[in-house]
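Results of the structural survey
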Amino acid sequence: FIQARMKHGYHMFAWTSQGMWCFIQGLPVLLLNLVEKSQGNSADAPLGRIDRLGWMIFFVGLVMESIADKQKLAFQRRYPNRE
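What you see is a predicted model, and the numbers here were worked out from it, not measured in a lab.

Once that is clear, we can look at the overall build of the protein chain. Within the protein chain, the secondary structure is distributed over three helices and zero strands. Listed N to C, the secondary structure of the protein chain is α-α-α in terms of helices and strands. Out of the 83 residues belonging to the protein chain, those deemed buried represent 1%. Accessible surface, the protein chain as shown: approximately 8400 Å² in total, 66% of it carbon and sulfur.

What follows is the structure in C-alpha cells.
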C-alpha cells in the first residue's frame, strides 16, 4: 500500500475507480428516485416494512464497521510493526 501511494498514477486510478464503484452502486437508488418523482409519487409516503428493514441493515453494517475499525486501531497500536 505504501508503494502504491508513491506512484501517483496508480494512486489516482485507485481513488477514481473507487469513486466510480460507489457511483455505480448508488445509481439504482438515484434512478429509482428519479422515476418515482417523474411519475408524481409523493415523497411524503409513509415508510414501509422494506424501508425499515433497509435502515436496520444499514445501521447494523455501520455498527459492525465501526467495531472493526476500532479493533484494527487497537491492533495497530499494540503491534506497530505489523500490518
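Before going further, it helps to examine a nonpolar patch on the surface. A surface patch of nonpolar side chains, amounting to about 530 Å² of accessible area, comprises L47, W55, F58, F59 and L62. Relative to the helices and strands, L47 is located in the loop between α2 (8-38) and α3 (49-78).

What follows concerns the packing of aromatic side chains. Scanning all chains against the criterion turns up four aromatic pairs. Considering the side-chain rings of F75 and Y79, the 5.1 Å spacing of their centres and the 50 degrees angle between planes classify their relative orientation as tilted. Its relative accessible area of 33% is what places Y79 among the partly exposed residues. Through successive ring pairs, a cluster of aromatic residues spans W55, F58 and F59.

Another aspect to go through is the confidence of the model for the protein chain. Mean pLDDT over the protein chain stands at 83; residues scoring 70 or higher make up 81%. Across the protein chain, α3 holds the top mean pLDDT of 93, while helix α1 (residues 2-6) sits lowest at 70.

Parameters and conventions
Residues numbered from 1 in each chain as written. Predicted model: local features only at pLDDT ≥ 70, side-chain atom pairs only at ≥ 80, totals over all residues. Heavy atoms only, no water. Helix = DSSP H or I, 4+ residues; strand = E, 2+ residues; numbered from the N terminus. Buried < 20%, exposed > 50% of the residue type's maximum accessible area, 1.4 Å probe, protein only. Areas by Shrake-Rupley, 256 points an atom, 1.4 Å probe, with all protein chains shown as cover. Patch = residues over 30% accessible without salt bridge, like charges linked within 9 Å, V, L, I, M, F, W, Y side chains within 5 Å. Salt bridge = Lys/Arg side-chain N within 4 Å of Asp/Glu carboxyl O. Phe/Tyr/Trp six-rings, centres within 6.5 Å; stacked < 30°, edge-to-face > 60°. pLDDT = per-residue confidence, 0-100.

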